[in-house]
Structure formats: structure tokens, C-alpha cells
Amino acid sequence: MPEREALPPPDSEAKDFGSVTFIITQSCCNDASCVAVCPVDCIHPAPDDPDFATAEMLYINPDECIDCGACVPACPVSAIHADSELPGHLSDYVQINADYFTWVGDIPFPAVPPPAGPKVQDQAAPLRVAVVGSGPSGWFVTEELAATRRADVEITVIDRLATPHGLVRHGVAPDHLGTKDASLMFDTIARHKSTTLRLNVDVGRDVTHDDLLDHHHAVVYATGAPVGRTLGIPGEDVPGSYSSAEFVTWYNGEPDHVDLAPALDHERAVIIGNGNVALDMARLLLLTPDHLHASSDMAPYAIEGLRESAIQEVVLVGRRGPEHAAFTTPELLALVNNPDIDVIVDPAELTSLAEIADGERTAGTYAASQKVALLKRAAAMAPTGAIKRLVLRFGLTPQEVVGEERATGIVLARTGDPADLETIEAGLVLRATGYRSTAVEGVPFDEKSGRFANDGGRVIDPASGELVARVYTTGWAKRGPSGVIGTNRTCAAETVTALIDDYYEGLLPEPGGDKKSFDSLLTERGVVIVDLAAWKRLDSHEKAEGKAVGRPRLKITDREEQIRIGAERSVV
Ligand code: NAP
């Protein structure tokens, strides 16, 4: 990682916990903020440990924790609790944290090298960078740029929506409020003196890629992956069959997806894919609307839609065996522990699950061992008779979504045996099979992989293999739709190192325009700029309206209304 100065901590206060041990729980985002502040290096895997990049979550060693509590305010997603204050539904995490260190045994964790000294070099004017996208990857790259000691930097963070935080607002499940606390950290980054937030600016419609280069030394595309992958099977476009990109943004109130109106009038829904997005959608279809009202920031119209829902059963379909299930253990554990939902697993579909031998105990196999144990536990549980059911199926490949006017079911084949067919009746068929990024006019894009081809964050033209001058990428637009929020921090560090190296190599010439002329261009084009003050005004409004009705936030989902509320006291 490049050398960086610490930004102020998020808006939370340190507490005196007395003598306790701390536990990392379900909403861990792996950004390793806790590792950086731990005085005794008891949180692993750390960024320099083996398997950090693929870890499901981080763990605190109870034998080494000195109970100082420094990690608690550092966590951007409220995942760390004192054992004395651990909510009951998270009690499994005491064992899960401790077991990690038993599992890895004597594997030595490498010492983290101390950061190198400051290296600012001569600059005629600040390095100006446009970051396109204000989701987690955009904010982590902005944080790295703002905190670097290698250069004075001015950053313009641009988003096409009138609200910031991308996936945290419109992708993270609305009942994962701890994870959504990451937006507090992002607001802190936005307040940094070198950062200017420009929302409601569509690159491609309001400004071109060349406009950005006219006013900045470099552009970083942190545009995520907003489009659902298709399966290429008959019927997948019929009403009632949607991608997670459509369904998740619907219940999260993204203004462009409020009109989806999914059919919820059949007792069963089928979800293709078994990653964490599939589990998010299943859980939200099965939880009660009253619970969602009080404990989520789900769009109000979506909660009303779910009040009318007839769905009693969600079937999650994996095309491979259970050993390849893409969900993480904490997400399935939350469902297995939910007394209102029966998780049903057929033991006959678990035969390919093998215990991990003692000789294979590595940091990387801990999560796999947890998943094996949890799936076996679920298969052994007798149904409680709960009204709602989550059925996990494995080894089935989708063939066709059936239904003329709307989806009425799905045909599946046993993977590897196309003649072994099974039809499941359902009124809603959702695909949680991954995402694609979208191209930006004037920037080479790799249609095959659905992201920007790149070398460590430097964008490459996939046709010629040449680097594209002054263009960088980070997050899902760079590496594809994988990892959790904190994964974007190391990804961003790599991109920023490349960008600043190129700057000192003389590869980023001075732009003609500056911050003022960029704003003038936006105004000339008739763009209504939504800035940080406007966002904070809308944010406070939504929280206040939510509090009045017993909700954490009442989302405004109409773009014009968002802009109007934000403009009431905006400084622009
Ligand atoms: P994912 O984890 O990559 O899962 C995609 C699923 O779709 C897999 O089960 C995959 O099966 C299946 N699939 C892909 N193509 C298919 C096809 N043609 N036919 C049938 N099945 C197909 O993706 P995701 O669930 O969208 O999640 C994206 C990332 O966000 C992940 O890293 C995830 O952990 C993260 N996330 C985390 C949280 C959380 O921490 N709470 C919440 C949401 C998302 P194969 O494995 O066989 O390819």
C-alpha cells in the first residue's frame, strides 16, 4: 500500500468497556481498519497474512486481545462487540473467533513492515483526479488519494445519481444496518479538504470522458457493476423473471428501478445462484414486513409490496455441489438461527461434502470447514413448522423460465445430465448470478469480461493491449463483482500507487481546466449540481422522517424530490 496519513475516524465515540474481550461478527467488511489500530496485532488475517484477500471475515484472538477496545470505533460497519454486550443472535461468533486461531494453530503471521517516510516531490499545482462513482470503491480510492504523503491532490468525486455511496445505499441489504454504517466513514472522506463531491452528473450524458481529462490529470473509473448477468436461457426476460441488479435496486429504492413491481402473489420464489446476494434476496422475501419496517431502510413502497406477498418458500438453486456454495458462513448462519424460517437441506444433496483433513488446516480452509459444518447442521435439523421456508438445492442447472405472460416456474437439469429434468413452480424467478460493469463512451471496455481491462488499475485497451493514457479503474469495474466492501481498500491502494507513479514519471500532463472551470462547464450544460451539503441535508431529512415513524431512515426514492430537499440549504 502507498504511504498514507490517517483521516479522522468515523462519527462514533470510543467507550470504556472495562475488562472484556472483543468479538468480530456478521457484518465484518474486511477493510482491516481494526487491524491498523490494534496495539497487539491480535486481529487476523491481516492484510499481509496469507489468505487475507479471500477471507470471509476477520477474527480477534481472545488469548491475545488486551481488551483496549481500540478496534470498536475503528470498525466502519459496527461489527465488533464486547463479549459482555454481544447481542444474543450473534453469540456463535465467540466460538467462531476463537476457533479460527485454533484452526490455524502455529502458522506464523508475518510482521507488518513499518510505513516508509514521507516522499512529497515538487509540484507546480495539485494533482487533479476525477473519481467517477461514489460507491465504496470510489471512496476508498479517494481516501487513498486524500491521505497520500506522496503528492498534494485535488479530487472530484462524481456520481450520476443525486445520492452518494452506491452499493451501500442501493446494494447492501436494507436490514444490514451495521454494514450501512460504512456511509459514515465515506461522509468523513467526503469532508476532507481536498475532496469535492459532484452528484447528479452523468458521465456520457452531461460531460464526456474528454471533458473530465480537460479538467483533471487523470480519471479513475469506480463505476461498479450495475447490470445483472444473463443466463442465455429461454424465457428469462418474461415479466416475473428479474436479475438481482433489478430486484435489489427495487427494494433499496434506486430512483431508476422504483417501477419494477415484481409479482409476489405466488407461494414460491426461485433464486438462481447461491452467493450472498441470493441469500440477501431470500431473507428479505421471507422476513416479516413489520420486522423490515423497524429494522431496515427498505424503500417504503417495497415494504408495502411485501405486506401483500404470498411467498412462503424460497428455493435457492446452485448449479454445483454444496462444497462450491458461494455464500459465506455468517450469512447462512443468520438464517439458520432465525426461528421464523426453516432452512431445509436434503442430506442426499450433501454427499459430495468432505470434512477437511487435519493436514489441510490453513487460514484459507477455516471458512470452508465452517461451511461444511453449518450445511450438515442445517440438513440434520428437523423442520420446526415455521411458516416460511428457505430450501437450498444443489447440482441443478437452469434450462428455461416457463410462462407466457409471466413467469410460472423454471425447468432445471441435474448438472452433467441434461436429460434429468425437474420443473419447480414459482411466480417469481430471480437471478443472482453476478454482475457486469458498463462501458463509458471514449474509454476502451472489455465486453467479454464485462469490466475495464487493466494492469493493476491502469486501464488497457483490450483490442491493442496498450495502456490507455491517464485512465485508471478500481473496485468491481476493475476486478469484477467479487469481495466485500473492505476488499476495495487494498484494490484502491494498488490503483493509487500506479496513478501517482505515473504522475512522477511525467505521464499525466497538466490539464487546461481546474475545479472552478469544471463547475462552470457543468452549470453551462444545465446540470443541477448536488454537493456534499445538499446530500447531508437529504440524509438528515431521511433520518428525521424515519425516526418519526420508528424507522432508521425513510428513503426518498424520487430523484427530483431528492434534489429539491437537498437544495433547500445547499451552498452551491
Ligand atoms: P457470487 O458470490 O459470485 O455468486 C454468484 C452465484 O451465481 C454462484 O452461485 C454462481 O455459481 C452462480 N452462477 C453464475 N453463473 C451462473 C449460471 N450461468 N447458471 C447458474 N448459476 C450461475 O455473486 P453475488 O452473490 O452476486 O455476490 C457478489 C459479491 O458480493 C460476492 O463477493 C459476495 O460475497 C459479495 N456480497 C457480500 C455480502 C455480505 O457480505 N453480506 C452481501 C452481498 C454480496 P458458480 O459458483 O457455480 O459459478
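Residues numbered from 1 in each chain as written. Predicted model: local features only at pLDDT ≥ 70, side-chain atom pairs only at ≥ 80, totals over all residues. Heavy atoms only, no water.

Engineer: What exactly am I supposed to notice about the sheet that holds strand 17 (residues 417–425) here?
Structural biologist: As a general point, the strands of a sheet are linked pairwise by backbone hydrogen bonds and lie either parallel or antiparallel. One open sheet accounts for three strands, arranged 15-16-17; its pairing is antiparallel. Of all strands in the sheet, those bounded by a partner on one side alone are strand 15 (396–402) and strand 17. Geometrically, the sheet is characterised by an average inter-axis angle of 30° between neighbouring strands, direction not taken into account. (Pairing = 2+ DSSP bridges. Helix = DSSP H or I, 4+ residues; strand = E, 2+ residues; numbered from the N terminus. Axes fitted to C-alpha atoms, helices over the stretch in contact; angles between N-to-C directions.)

Engineer: Explain empty space enclosed by the protein to me, please; I cannot follow it from the model alone.
Structural biologist: A water-sized probe rolled over the atoms picks out the places where empty space is left. Applying the stated criterion to the full structure yields four cavities of 30 Å³ or more. In this structure, the largest cavity encloses a volume near 90 Å³. If you trace the largest cavity, you find 14 residues lining it, with Cys38, Cys42, Cys65, Cys68 and Cys71 closest to the centre. Taken together, the residues of the lining of the largest cavity break down into 12 nonpolar, one polar and one charged. Of the voids in this model, the second largest cavity is the one considered here, and its volume is about 70 Å³. Considering the residues around the second largest cavity, the lining is formed by 13 residues, among which Cys28, Cys29, Asp31, Cys34 and Cys75 are closest to the centre. Residue composition of the lining of the second largest cavity, grouped by class: 11 nonpolar, one polar and one charged. (1 Å grid on protein atoms, 1.4 Å probe; cavity = no way out; pocket = protein on both sides within 12 Å on 5 of 7 lines; lining within 4 Å. Points joined across faces, edges and corners; volume = space filled by probe spheres on them. Nonpolar A, V, L, I, M, F, W, Y, C, P; charged D, E, K, R; others polar.)

Engineer: I tried to follow helix 3 (residues 92–104) on my own but got confused; where do I start?
Structural biologist: Side chains of residues three or four places apart in an α-helix project in the same direction, reflecting 3.6 residues per turn. Its 13 residues place the ends of helix 3 19 Å apart at the C-alpha level, agreeing with the 18 Å of an ideal helix rising 1.5 Å per residue. The complete set of buried residues in helix 3 reads Tyr93, Ile96, Asn97, Tyr100, Phe101, Trp103 and Val104. Packed against the buried residues of helix 3 are strand 1 (22–24), strand 2 (43–44), strand 3 (59–60), helix 13 (329–336) and helix 14 (363–380). Where helix 3 ends, the next residue or the one after it, Gly105, has phi of about 55°, a positive value. (Expected span 1.5 Å × (residues − 1). Buried < 20%, exposed > 50% of the residue type's maximum accessible area, 1.4 Å probe, protein only. Contact = heavy atoms within 4.5 Å.)

Engineer: When you look at the packing of helix 3 against helix 14 in this model, what are you seeing that I'm missing?
Structural biologist: To describe two helices that pack against each other, one gives the angle between their axes and the distance between the axes. Where helix 3 meets helix 14, the axes come as close as 9 Å, and the angle between the chain directions of the two elements is 135°. Classified by the angle between their axes, helix 3 and helix 14 sit oblique to one another. The hand of the helix 3/helix 14 crossing is right-handed. Between helix 3 and helix 14, the contacting residues are Asp92, Gln95, Ile96, Asp99, Tyr100, Trp103 and Val104 on the first element and Ala363, Thr365, Tyr366, Ser369, Gln370 and Arg377 on the second. Looking at the contact of helix 3 with helix 14, its residues break down into six nonpolar, four polar and three charged. (Parallel < 35°, antiparallel > 145°, perpendicular 65-115°, else oblique. Left-handed = near helix turned anticlockwise from the far one by under 90°.)

Engineer: Would you mind showing me how to read the site of the ligand here?
Structural biologist: Taken together, 20 residues sit near the ligand, with Asn274, Val277, Arg319, Arg320 and Gly483 positioned nearest. Contacts to the ligand include Arg319, whose side-chain N or O atom sits 2.8 Å from an oxygen atom. Interatomic distance of 2.8 Å between a backbone N/O atom of Gly483 and an oxygen atom of the ligand. For the ligand, whose free accessible area comes to 920 Å², the fraction covered by protein is 77%. The biggest single contributor to the shell around the ligand is helix 10 (residues 276–286), with three residues. Taken together, the residues that form the shell around the ligand break down as nine nonpolar, seven polar and four charged. Here the shell around the ligand spans two domains, and each of domain 2 (127–225 + 437–529) and domain 3 (228–432) adds at least three residues to it. (Near = heavy atom within 4 Å. Polar contact = N/O pair within 3.5 Å; in protein donor to acceptor, adjacent residues only side chain to side chain. Areas by Shrake-Rupley, 256 points an atom, 1.4 Å probe, with all protein chains shown as cover. Domains from an automatic or database assignment.)

In short, geometric facts, not functional conclusions.
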